[in-house]
Amino acid sequence: MFRSLCKNPLHVHWKSNVNTASNGHISVLQIVSVKSLSTLSKPTSKTLNYLIGTCGLSQDSAIKVASQINLNSTTKHSMVLQLFRDFGFSESDIAEIITRRPSLLLAKPYKTLKPKLEVFTDNGISNSDLGKIISLDPNILTTSLDRKIIPCMSLLKSFCKSSSSIIALITCKRGFWIFRRFSSTIGINIEALRKNGVPDTNISKLIMRKPGILSREAEEFQKVVEEVKEMGFDPNSPMFTHGVCAILGMKQNKWVSKVAVFKSFGLSDGEIHTLFVKQPMVMSPSEEKIRRALDFFLNKMKWSLDQILMNPVVLLLSEEKRVLPRCFIVEQLIREGFVKKVSFLKALTMAEDKFLSNFVLKYQEGIPGLLEMYQKKIGVL
């Protein structure tokens, strides 16, 4: 299976499948047309004064926003602001929302915005939390209520056991993607994972980490899931969903290039297969980063291919922030005679606080300035 992947990489998996998110209620929000935007050469003083004095925007932000909208009548816009205040949004949250999505001032507050906000509060999200959440990504309020927000919230409730878990999901990086990119295929793709033995706990993590992956075309997603299973991934392991993401998240030409880099260092198809199944994220870095990591461990550190195959995680470590600084410290300790035999693997993979305690702070008296040397290497000083 993986041999064909290396030579003729997953022809079906890299099918062009751009999911264009539908905003649904964009027209309801009465967003200013492109034509009218182009005619706004100079913002009116009335608009600027309103944005600064009533919405709380800074002068620079107000000038930028005023170039996008023209507020002819402030009565309707004030109703939008009052709605946000009624929901407990802070003034700073409101200013951030208007700065990021000025067109919300043109929305129908009670017909369009209020029902969307109520979906979140009705599902246990407090008003103060909601203000912070919306300020991070106010585009959620341009998303279709019936086709995206409501069914997506229902889906999240089936995986997240508390409102705090839902908050954690939608406030993480790209969290709101699950709402904007929600489609009927998400439920189908989740069922495909379940049928292949992937536990809900791992599916929940996938929703938080890569929500866009679940929006892929159902047929394509199903084929990748089945092939990942055939490649030897354990459905109960988090590596299974990592494998699905690695394949679906990469274009064919990139995959071919990265396989070629591994082969240039002597790895066979079978060894690349082993490496990928053990740690699918090894295919995520750029070709140059993979090349530098392999060169460092195989040529400079004189590791064997077996050591790389047993510990593929080292290929994912930051060269500048971890590998080189820690190797420098360990080599200093060996050179000064403070340690004789050290597991570089252990030194590279242990948590930062433990490395500082075991390899830096412990030997500060014997090697003055050791901490400062390490901090300079990692870019702290």
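Residues numbered from 1 in each chain as written. Predicted model: local features only at pLDDT ≥ 70, side-chain atom pairs only at ≥ 80, totals over all residues. Heavy atoms only, no water.

> Before we go on, may I ask you to explain helix H15 (residues 238-248) in this structure?
An α-helix turns once per 3.6 residues; consequently, residues spaced three or four apart project the same way. Counting buried residues along H15, 9 of its 11 residues qualify, which places the element largely inside the surrounding structure. Regarding H15, the residues found buried are Phe240, Thr241, His242, Gly243, Val244, Cys245, Ala246, Ile247 and Leu248. Residues of H15 that are buried sit in contact with helix H12 (184-195), helix H13 (200-209), helix H14 (218-230), helix H16 (252-264) and helix H17 (269-278). Between a side-chain oxygen at the N-terminus of H15 and the backbone nitrogen of Met239 the separation is 3.0 Å; the capping residue is Ser237. (Buried < 20%, exposed > 50% of the residue type's maximum accessible area, 1.4 Å probe, protein only. Helix = DSSP H or I, 4+ residues; strand = E, 2+ residues; numbered from the N terminus. Contact = heavy atoms within 4.5 Å. Polar contact = N/O pair within 3.5 Å; in protein donor to acceptor, adjacent residues only side chain to side chain.)

> Looking at this model, I keep getting lost on the packing of H14 against H15. Mind explaining?
Working note: a packed helix pair is described by the angle between its axes plus the distance between those axes. Packing of H14 against H15 brings their axes to within 10 Å, and their N-to-C directions diverge by 125°. Regarding the angle of H14 to H15, the classification is oblique. Like other packed secondary-structure pairs, H14 and H15 cross with a definite hand, here right-handed. Each of Glu220, Phe221, Val224, Val225, Val228 and Lys229 in H14 lies in contact with H15, whose residues at this interface are Phe240, Gly243, Val244, Ile247 and Leu248. (Axes fitted to C-alpha atoms, helices over the stretch in contact; angles between N-to-C directions. Parallel < 35°, antiparallel > 145°, perpendicular 65-115°, else oblique. Left-handed = near helix turned anticlockwise from the far one by under 90°.)

> Is there a simple way to think about unusual backbone geometry in this case?
Generally, phi is negative for residues other than glycine and the peptide bonds are trans, each holding for most cases. Non-glycine residue Lys302 carries a positive phi angle of around 60°. Mapped onto the fold, Lys302 is located in the loop between helix H18 (287-300) and helix H19 (305-310). Residue Lys302 is classed as exposed on the basis of its relative accessible area of 65%.

> Just to check I follow, could you spell out the pattern of salt bridges for this structure?
Going through the model one piece at a time under the given rule, you end up with 14 salt bridges. Between Glu288 and Arg291 there is a salt bridge, and its shortest N-O distance comes to 3.1 Å. Of the two residues, Glu288 and Arg291 are both situated in helix H18; the distance of 3 residues between them amounts to about one turn of the helix. Note on Glu288: relative accessible area 40%, which makes it partly exposed. Across the salt bridge formed by Arg292 and Glu288, the nearest N and O atoms sit 3.9 Å from each other. Of this pair, Arg292 and Glu288 both sit in helix H18, separated by 4 residues, roughly a single helical turn. The partly exposed category is assigned to Arg292, whose relative accessible area is 32%. Within the structure, one salt-bridge network assembled from shared partners comprises Glu288, Arg291, Arg292, Glu319 and Glu320. (Salt bridge = Lys/Arg side-chain N within 4 Å of Asp/Glu carboxyl O.)

> Which parts of the structure should I look at to understand the packing of aromatic side chains?
Geometry of an aromatic ring pair is reported as the spacing of the ring centres plus the angle between the planes. On inspection of all chains with the given rule, the structure shows 9 aromatic pairs. Geometrically, the ring pair formed by Phe120 and Phe179 is tilted, given 5.6 Å between the ring centres and 55° between the ring planes. With Phe120 in helix H7 (residues 109-121) and Phe179 in helix H11 (residues 177-180), the pair connects residues that are 59 residues apart, well separated along the chain. The buried category is assigned to Phe120, whose relative accessible area is 0%. Each ring, one from Phe297 and one from Trp303, has its centre 4.9 Å from the other, and the planes form 45°; the classification is tilted. With a relative accessible area of 2%, Phe297 lands in the buried category. Judged by relative accessible area, Trp303 falls into the buried class, the value being 10%. By the ring-pair criterion, three or more aromatic residues cluster together here, those being Phe233, Trp255 and Phe276. Directly above the aromatic system of Phe328 lies the positively charged group of Lys377, at a separation of 4.5 Å from the ring centroid. (Phe/Tyr/Trp six-rings, centres within 6.5 Å; stacked < 30°, edge-to-face > 60°. Lys NZ or Arg CZ within 6 Å of the ring centre and 35° of its normal.)

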